[in-house]
Structure formats: C-alpha cells, structure tokens
Amino acid sequence: MDITLDGSTRIYFIVGDPIAQVKSPGGVSAAFQEKGFNAVCIPAHVSSAELETFFTAAKSMQNVDGIIVTVPHKIAFAKLCDSLSDSAAFLQTANTIRLRNGKWEGDMFDGQAQVEALQRNGAVLKGKKAILAGAGGAGTAIAHALLTAGVSELAIHETDTARRDNLVARLNTLGLGRVSAGSSDPTGFDIVINATPLGMKAGDPLPFDGSKITASMFVGDVVTQPALTPWIAHAREAGCQTSTGLDMFASVRDLMVDFLLDGMTP
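About the cut-offs
For every chain, the first residue of the written sequence is number 1, and numbering continues from 1 along that sequence. Per-residue local features are limited, in this predicted model, to residues with pLDDT of at least 70; the limit for side-chain atom pairs, both in listing and counting, is 80 or more; totals at the level of whole chains, interfaces and linings are taken over all residues. Remark: hydrogens and water are excluded; side-chain values derive from all non-hydrogen atoms of the structure. Two strands are said to pair when DSSP picks up at least two bridges between them. Going along the chain from the N terminus, every DSSP run of H or I of four or more residues is numbered as a helix, and every run of E of two or more is numbered as a strand. Should a side-chain nitrogen of Lys or Arg be within 4 Å of a carboxyl oxygen of Asp or Glu, the pair is scored as a salt bridge. Each residue is assigned to one of three classes by its accessible area relative to the maximum for its type, calculated with a 1.4 Å probe on protein chains only: buried under 20%, partly exposed between the two thresholds, exposed over 50%. What we call a nonpolar core is a set of buried Ala, Val, Leu, Ile, Met, Phe, Trp, Tyr and Cys residues that are connected through their side-chain atoms within 4.5 Å. The contact criterion used is simple: two residues touch if any of their non-hydrogen atoms lie within 4.5 Å. When two rings of Phe, Tyr or Trp (its six-membered ring) have centres within 6.5 Å they constitute a pair, described as stacked for plane angles under 30 degrees, edge-to-face for angles over 60, and tilted for the intermediate range. Fitted lines through C-alpha atoms give the axes, limited to the stretch in contact for helices. The angle between two N-to-C directions lies from 0 to 180 degrees. Throughout this description, any angle smaller than 35 degrees is read as roughly parallel, any larger than 145 degrees as roughly antiparallel, any in the 65 to 115 degree range as roughly perpendicular, and the remainder as oblique. The hand of a helix crossing depends on one turn: near helix anticlockwise from the far one by less than a right angle means left-handed, and clockwise means right-handed. Note that Gly is not counted as nonpolar here; it falls among the polar residues with everything else outside the nonpolar set of Ala, Val, Leu, Ile, Met, Phe, Trp, Tyr, Cys and Pro and the charged set of Asp, Glu, Lys and Arg.

### Some details on the pairing of strand E6 (residues 103-107)
- Relative to E6, strand E4 (residues 83-84) runs parallel, the two being bridged by two bridges. Along E6, the bridge assignment pairs Ser83 with Glu105.
- Two elements, strand E5 (residues 96-100) and E6, share five bridges in a ladder whose sense is antiparallel. From the neighbouring strand, Leu99 faces E6, where its bridge partner is Trp104.
- Taking the residues between adjacent antiparallel strands as the criterion, E5 and E6 are bridged by two residues, where Asn101 takes a positive phi near 55 degrees.

In structure tokens form, the structure reads like this:
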C-alpha cells in the first residue's frame, strides 16, 4: 500500500542499538494507515549512553505520540516512563510507550506475543518444562508469560547471574510454575526458547548446546533478522517443531499498534 507522509503525519519512533534488523517501521506504519491514521514508525539508532537525551528530545517534539523500544533498552526505558501497566511494573521492562494527557505510559507485549506465536505453531505449554535463554527485556516478559500460560517448570539461562537470580526470585513469588537457574544444556526440557540477540550477527554461537537438541523439543526464537536464524535452522535439522522471531513479530505488532492507537481518532 502507499504510505501517506506529509506535514501532518504523526511520528512513532522505534529505538534500539542496533536498529537495522527491526521489521517494525514498515509493518507498523502500514498497520497505522490501514486503520485510517496518518502516522508512521521511524527507526532511531540510539546507544544506551544517549537514551535519556533521545527521550528528552522526543518529548519536545509535538508530533511524536509514541515509542516502540527494542534491544537493549526495554529495561532502561521502563524507568523513564511516567507510569507502567501492572505487568510492565512487575517485569520492570517496557517495549511500547504512548503519550496520553501529557504523560508517557508504558506496557510490555513481548511475552504475550511469544506465547501466541508458540501456540499458533503447535506448542503445548500447560504442564510442560521450558528453558529460556535471556533475562533481558524480552526474556523477562516471555518468562512471565510462559508461567501464566501454565508451564510447570521454567529454567532461565543468563550470563548475567545477578539479573538471572533477581528474575528467578521475583517469578517464584507468583506461585505458578517452579522457576530455577538454567544452563546451556536443554536436556530434559520440552520447550527451548532463545530470547537473546544471538543469531543476529554472522558467527554468533547458538544460545544452547545444539548437540543436546532432540526432535521431541519445541524450539522458539525472538530474532527477526535473519528470518531463518542458525538456531531455528539447527532445530529444524534435528526434527523439532519451531516458532520464529517473525512469527512472534506478527503478534507483537498487532498488540503494540492497538495499545498505541487506543483512544485515538484518525
């Protein structure tokens, strides 16, 4: 479809470091305009050191109505919001920020989107054992969503042990499935998910020990570029059912757009 872009266009940034891999600018812009809104999503490559400076500048722009947040800023951005949804506040992370009545409200949709993608591709979560690589913004949300979806056990593999242990402790307060520290060995797990950036760059190692992957496992990923990551390719060669980062993006895009446009009129 043709995208309207003129002086009245409303701006929604997507901010990350790196940013070239994101799919949101085209998909989100199309979704806005299909719903009748003259709005576009613009990529912004911003380092962690410059994040607060970027947000201050964005808030000064009178035609900016929201921000989508990607790697590695989801945890940091939660601290910059004026308010957070209950789930984002518990998770201490946000991936979508909207301006309402002069205040910036944050929410987090990565977890819900990953669970939707897994189930849409045939994964059964209730009563299963899951292991997740990554306790950053996306990983935190996905861990929470897996427990809410009914996994009986969840292990978290994360090189930042302090971040991992903090997340494990917080998730165990929910009284849902048992949460523990995991490792690179996925043996014994039914669901194996990568929620790290590993796979975005050529030469990245796999997030788990690939030799331990078996056909009975369901394997997921959050990385959208390349479309077929080495992790998903390896899992398919092992005979696994899979869910890709693009599968997750299809769900998260709709959730983010609905949140950003809620209460707005074209």
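### As for the pattern of salt bridges
- Tallied over the entire structure, the rule returns ten salt bridges.
- When the shortest N-O distance is used, the salt bridge between Asp65 and Arg10 registers 2.9 Å. With Asp65 in strand E3 (residues 64-69) and Arg10 in strand E1 (residues 10-16), the pair connects residues that are 55 residues apart, well separated along the chain.
- The buried category is assigned to Asp65, whose relative accessible area is 9%.
- In this structure, Lys212 and Asp185 form a salt bridge, with 3.5 Å as the shortest nitrogen-oxygen distance.

### Re the nonpolar core
- If you look at the biggest cluster of nonpolar residues, it comprises 48 residues, and the most contacted ones within it are Phe32, Leu125, Ile142, Leu146, Leu154, Ile156 and Leu171.
- If one sorts the elements of this core by residue count, helix H9 (residues 245-261) sits on top with nine residues.
- When neighbours within four sequence positions are excluded, Phe32 is seen to be in contact with Tyr12, Phe37, Ala39, Val40, Cys41, Val257, Leu260 and Leu261.
- Membership of the second largest hydrophobic core comes to 19 residues, among which are Val15, Val40, Val69 and Ile97.

### Considering the packing of aromatic side chains
- Tallied over the full model, the rule gives six aromatic pairs.
- Ring centres of Phe13 and Phe54 lie 5.5 Å apart, and the angle between their planes is 75 degrees; this geometry places the pair in the edge-to-face category. Residue Phe13 is located in strand E1, and its partner Phe54 is located in helix H2 (residues 51-59); the two are separated by 41 residues in the primary sequence.
- On the basis of relative accessibility, which here comes to 12%, the residue Phe54 falls in the buried class.
- Here the aromatic rings of Phe55 and Trp104 are separated by 5.4 Å at their centres, their planes lie at 75 degrees, and the arrangement is edge-to-face. Taken as a pair, Phe55 in helix H2 and Trp104 in strand E6 lie far apart in primary sequence, 49 residues in all.
- Overall, the relative accessible area of 3% leaves Phe55 in the buried class.

### Points about the packing of helix H1 (residues 24-34) against H9
- Interhelical geometry of H1 versus H9 gives an angle of 50 degrees and a closest axis separation of 10 Å. By the angle between their directions, the pair H1 and H9 is classed as oblique. Classified by chirality, the crossing of H9 by H1 is right-handed. Along the contact surface, H1 presents Ser24, Gly27, Val28, Ala31 and Phe32, while H9 presents Phe249, Arg253, Met256, Val257, Leu260 and Leu261.
- Each residue belonging to the contact of H1 with H9 can be placed in one class, and the counts come to eight nonpolar, two polar and one charged.

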